[in-house]
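Results of the structural survey
Here's the letter readout for the chains.
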Amino acid sequence: MEPIYDCSWMYQMMTAKIRERFVFNDYRAVALEIPPRTLQKSPYHYRILFFPNESQKPVLSLNLESSILGSCCFTEQQGSEHFNLGRTDDGLSYDDFKKWALERAGRELN
């Protein structure tokens, strides 16, 4: 898998709240919570970035983000592709987001 093209993750690794770091299969994962005050600059609320052990760049990002119309949706980034995977509740908790993201990662990273 090639690294994600969206480089906003680099800035967010320095400025967002790191919810947790963990190992998922053969990948290092970093879960980020983007502060609400930065949502004008970033559509993301939560992101989980998946890094292969031999790389410093993520190959998968699973996200909870706001659409341009203001509703929340799940999204996925791989390489240069960015997919909208459907709407979800605006007040989705981190735990519910993580559950969704790990189910999705299990399918994408096998």
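Data block above holds the structure.
Per-chain numbering applies: the sequence of each chain, read as written, is numbered from 1 onward. Local features in this predicted model are restricted to residues whose pLDDT is 70 or higher, and side-chain atom pairs enter the listing and the counts only when it is 80 or higher, whereas totals over whole chains, interfaces and linings include all residues. As a rule here, side-chain values come from all non-hydrogen atoms in the structure, and water together with hydrogens is ignored.

1. Concerning the sheet that holds strand β4 (residues 60-66)
- Read across the open sheet, the 6 strands follow the order β1-β2-β3-β4-β5-β6; overall the sheet is antiparallel. Of all the strands in the sheet, the pair left with one neighbour each is β1 (17-24) and β6 (81-88). On average, each strand axis in the sheet is inclined to that of its neighbour by 15°, with strand direction left out of account.
- For two strands to be treated as a pair, DSSP must find no fewer than two bridges joining them. Strands here are runs of E lasting at least two residues and helices are runs of H or I lasting at least four, both read from the DSSP assignment and numbered beginning at the N terminus. Of the strand pairs in this sheet, strand β3 (residues 44-52) and β4 are connected by 6 bridges, and their pairing is antiparallel. Helix axes are fitted to C-alpha atoms over the stretch in contact, other axes to C-alpha atoms as well, and angles between N-to-C directions run from 0 to 180 degrees.

2. Here's the deal with the pairing of strand β2 (residues 27-33)
- Accessibility here uses a 1.4 Å probe with only protein chains present; expressed as a share of the type maximum, an area under 20% marks a residue as buried, one over 50% as exposed, and anything in between as partly exposed. Within β2, 5 of the 7 residues are buried, which leaves it mostly tucked inside the rest of the structure.
- As judged from the 7 bridges shared by β1 and β2, these two strands associate in the antiparallel manner. Residue pairing across strands places Glu 20 opposite Ala 31, the latter belonging to β2.
- A loop of 2 residues connects β1 with β2, the two strands running antiparallel in sequence, and Asn 25 in this loop sits at a positive phi of about 55°.
- One ladder, built from 7 bridges, connects β2 with β3; its direction is antiparallel. Each bridged residue has a counterpart across the sheet, and for Tyr 27 the counterpart in β3 is Pro 52.

3. Quick look at the environment of Gly 106
- Of note, Gly 106 is situated in helix α2 (residues 94-108).
- Spatially, the C-alpha atoms of Gly 106 and Arg 21 are 17 Å apart, while their sequence positions differ by 85 residues.

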